[in-house]
Amino acid sequence: MAETMELTATVLDALKAAVGSGNVHTEIEKRMVYSFDSTFQNHLPDVLVKPHTADEAAAVVKIASANGIPLTVRGAGTCLSGGPVALEGGILMEMTAFKRILEINAEERYAVVEPGVVTNDLIAAAAGHDLFYPPDPSSSGMSTLGGNVAECAGGGRGVKYGVTRDYVLELQLILPDGQQITVGNKVDGLTGWLDLPMLFTGSEGTLAIITGITVRLLPKPEAIRTALAQYDDLDAAARTVSAIIGAGIVPTTIEIMDQMTIRAVENFLQIGLDTSKAAFVLLEVDGDSWEVEQQLEQVIAICKSNDAVEIQVAHDEAERAALWKARKSISGACGKINPTKIGEDVAVPPGNIPKMIQAVKQIAEKYQLNMVVFGHAGDGNLHPNIMTDKRNAEEMERVNQAIDELFTRALELGGTLSGEHGIGFMKAPYVLQELGREGYLAQKQVKDSLDPQGYLNPGKIFIEKELELCHG
Ligand SMILES: Cc1cc2nc3c(=O)[nH]c(=O)nc-3n(C[C@H](O)[C@H](O)[C@H](O)COP(=O)(O)OP(=O)(O)OC[C@H]3O[C@@H](n4cnc5c(N)ncnc54)[C@H](O)[C@@H]3O)c2cc1C
C-alpha cells in the first residue's frame, strides 16, 4: 500500500470549505474502506471527499489542480481493473451523493440522471414509463451510471443492444482545469466534427469528472423468452454460440458457463444444478411476440444440432429468474473458492469463441491454476477468472504468466484485452501490446492535451514504463 502523503492544513481547509467539513475524511478507517475496488489491490487515498453538487466537485478539482494533488473519482467501486483505486494517494472524490434521476422523458425517450444513480434504479424507473435502458452489467444492482459511462460498461444484453456508449447522448463534465462543460445534446445531433460524448465515454476518470448524464431509452420489448441449454461437451456449447451468430440471428443474450463455474455456483447456492454437465448456454430473445417465438425456435434448433443434451424454457417470470439465478451468482460463488479472485474480460470475434475457450483451458492446465470461464459469449466477451491467493508468491508468478498468455491469445484471435472492464492499472502494462506505439501515443496525446499535469486518475491506462518503451 502507498505511503500516506502529507496534505497541508491549507489544502484540507480549502477542501472543507468546498464541500463542508463533514464530507472530508482523513481517518484511517474511512480511507481503508475506500482503498480498493473489486480487484485485489489496495492503495490508500490521503483524503476522502464527498461533494453533493457539481459546483462543489469543481471546487475540489480546482484545489487538486492548483496544488498538483492526484485526484481519483469513485462511483460504487465495483470496477474490475483498479480504476477507482487512488494508486498515487491524494484525493479520492466519491460521487454517490449525486443520486437523483432528474427526468424520464417518455415522449422524447431519454433520461437525465446524476452519475451516482445505481444502474438498476434507472432500469426500473424507465420500465415504469414502459421504456427500456438496455445496458445491464452483471453488477447493475450496485454499479453507478457514472462508473458505467466511465468504463463504457457492457452486459448480458450487449449482443442485441450494444454497450453504454450506444446510449450516451449528453454529458455534463468538469475538465481537469475545473471548467464545467456540456458535451453532446439530447437529439443525437453532431455539431462540429468530434463526437465528444464518445471521447469521454470509457475514459475511466482520466479525462474529466462526469456530473450529469443523458441517456437514450428504447421502447420496452413486448415479449422476452429465456432458455437454458446444457451440454456434455464445452466445445459443443462454444460452437453453439458461433453458430447462432453465424446464422444471422440476433438474440438479446447468449451467456456461457463452463463446468467449473457450474460447480462453483452449485457449491455456493445448492439449487440443484447438474454439475456433471460440461457447460450451460443461457439464451434470451426479445421483441414482438410473434418474432420472439420464431427466434426461440431457431436458437433451440441450433442448440440441438450442436449437441445440447437438455434444454429448459422458462414459461413465466419466476422460471426466467430461476434460469438466470446461476449466472447472476457467479461472481459471489467464485469469490468463495480462494481468497483472491482475478477476473479478466478478453473479447474475441464471436466466431473465435471456441478457440478462445480452448486456449483458456490449455493455459489453466499449463500453469496448473483454478480457472473458470464464463461470459457474455454472444458478443465475444469471455471472463476467465483465476481463483488464487495473492499471498502465495510462487502461484502469483504462474498467474501473471497465464494472464500474459491469455492476452496474447486474445490478440492473436483478433480480439482485445478488455471487452468491458476497462484498463485501469491492472491491464495498463498490456496496452502497448494491443495499440502499438503509434496508437498508444495518439491516445496519450489526447490525455496530455486535456490534463497536461497528469493529476487526474494517475497511473491508469498510461504508465511511465510504457512511455519509455514508446519513446525509446
Ligand atoms: C460482480 C460484478 C459483475 C460485473 N459485471 C460487469 C458486466 O457485466 N459488464 C461490465 O461492463 N462490467 C461489469 N463489472 C465491472 C463494473 O461493475 C463496471 O465497470 C461498472 O461500470 C463500474 O461502476 P462503479 O459505479 O462501480 O464505478 P467505480 O468502480 O467506482 O469506478 C470505475 C471507473 O469509473 C470512474 N468513475 C466513476 N465515477 C465517475 C464519474 N462520475 N466521473 C468520471 N469517472 C468516474 C472511476 O475513476 C473508475 O476509473 C462487474 C463488476 C462486478 C463486481
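Residues numbered from 1 in each chain as written. Predicted model: local features only at pLDDT ≥ 70, side-chain atom pairs only at ≥ 80, totals over all residues. Heavy atoms only, no water.

Under the definition given, this model contains 24 salt bridges. A salt bridge links Lys361 to Asp258; the nearest nitrogen and oxygen atoms lie 2.5 Å apart. Of this pair, Lys361 sits in helix α13 (residues 353–366) while Asp258 sits in strand β13 (residues 253–258), and the two are 103 residues apart along the sequence. Glu394 is the partner of Arg398 in a salt bridge, and the nearest nitrogen-oxygen pair spans 2.7 Å. One end of the pair, Arg398, and the other, Glu394, are both in helix α14 (residues 393–412), four residues apart, so they sit about a helical turn from each other. Linked through salt bridges whose partners overlap, the residues forming this network are Asp233, Asp235 and Arg239. (Salt bridge = Lys/Arg side-chain N within 4 Å of Asp/Glu carboxyl O. Helix = DSSP H or I, 4+ residues; strand = E, 2+ residues; numbered from the N terminus.)

Before going further, it helps to examine the nonpolar core. Core analysis: the biggest nonpolar cluster contains 60 residues, and Tyr231, Ile256, Met356, Met371 and Leu382 have the highest contact counts within it. Both domains that furnish three or more residues to this core are identified here as domain 3 (223–412) and domain 4 (437–471). Beyond its immediate chain neighbours, meaning those up to four positions away, Ile256 contacts Ala237, Ala238, Val241, Phe280, Val281, Ile357, Val373, Phe374, Gly375, Ala377 and Leu382. (Core = buried A, V, L, I, M, F, W, Y, C linked by side-chain atoms within 4.5 Å. Buried < 20%, exposed > 50% of the residue type's maximum accessible area, 1.4 Å probe, protein only. Domains from an automatic or database assignment. Contact = heavy atoms within 4.5 Å.)

A separate point is the state of the cysteines. Here, disulfide denotes a covalent bond that connects the sulfur atoms of two cysteines. Overall, the coordinates contain zero disulfides when judged by the stated rule. Not part of a disulfide, Cys152 finds its nearest cysteine sulfur in Cys79, a span of 13 Å. For Cys152, a relative accessible area of 9% corresponds to the buried category. (Disulfide = S-S within 2.5 Å.)

Let us now look at the sheet that holds strand β16 (residues 340–343). A sheet is described by the order of its strands in space; here seven strands give the open sequence β15-β12-β14-β13-β17-β18-β16, paired in antiparallel fashion. For this open sheet the edge positions go to β15 (308–313) and β16, each flanked by a neighbour on one side alone. Each strand of the sheet is rotated relative to its neighbour by a mean of 20°, with strand direction disregarded. Pairing geometry for β13 and strand β17 (residues 370–375), over two bridges, is antiparallel. Along β17, the bridge assignment pairs Met257 with Phe374. Packing against the sheet, helix α11 (residues 317–328) makes contact with β12 (223–231), β13, β14 (279–287), β15, β17 and β18 (383–388), and its axis sits at approximately 50° to β12. (Pairing = 2+ DSSP bridges. Axes fitted to C-alpha atoms, helices over the stretch in contact; angles between N-to-C directions.)

The residue Leu171 is located in strand β8 (residues 168–174) in this model. With a relative accessible area of 0%, Leu171 lands in the buried category. Residues Leu171 and Val24, spaced 147 residues apart in sequence, show a C-alpha to C-alpha distance of 26 Å. In this view, Leu171 contacts Val149, Ile181, Thr182, Val183, Pro197, Phe200, Thr201, Ile210, Gly212 and Ile213; residues no more than four positions away in its chain are not counted.

The subject of this paragraph is the packing of aromatic side chains. In total, this model carries four aromatic pairs according to the counting rule given. Taking the centre distance of 6.0 Å and the plane angle of 75° together, the rings of Tyr133 and Tyr167 count as edge-to-face. Of the two residues, Tyr133 sits in the loop between β7 (131–132) and α5 (145–151) while Tyr167 sits in the loop between α6 (158–161) and β8, which places them 34 residues apart along the sequence. Across this residue pair, the class does not change: Tyr133 and Tyr167 are buried. Measuring from centroid to centroid gives 4.6 Å for Phe407 and Tyr430, while their planes differ by 75°, and the two rings are edge-to-face. On the criterion of sequence distance, the pair formed by Phe407 in helix α14 and Tyr430 in the loop between α14 and α15 (431–450) is long-range, its members being 23 residues apart. (Phe/Tyr/Trp six-rings, centres within 6.5 Å; stacked < 30°, edge-to-face > 60°.)

All right, on to the site of the ligand then. Around the ligand lies a shell of 35 residues, among which Val73, Gly75, Thr78, Ser139 and Thr144 are the nearest. Residue Gly83 places a main-chain N or O atom 3.5 Å away from an oxygen atom belonging to the ligand. About the coverage of the ligand: the protein hides 95% of its 980 Å² of free accessible area. Contributions of two or more residues to the shell around the ligand are made by β3 (71–74), α5 and β10 (209–216). Tallying contributions element by element places α5 first for the shell around the ligand, with five residues. Looking at the shell around the ligand, its residues break down into 13 nonpolar, 18 polar and four charged. Counting only domains with at least three residues in the shell around the ligand, you end up with domain 1 (9–94) and domain 2 (101–219). (Near = heavy atom within 4 Å. Polar contact = N/O pair within 3.5 Å; in protein donor to acceptor, adjacent residues only side chain to side chain. Areas by Shrake-Rupley, 256 points an atom, 1.4 Å probe, with all protein chains shown as cover. Nonpolar A, V, L, I, M, F, W, Y, C, P; charged D, E, K, R; others polar.)

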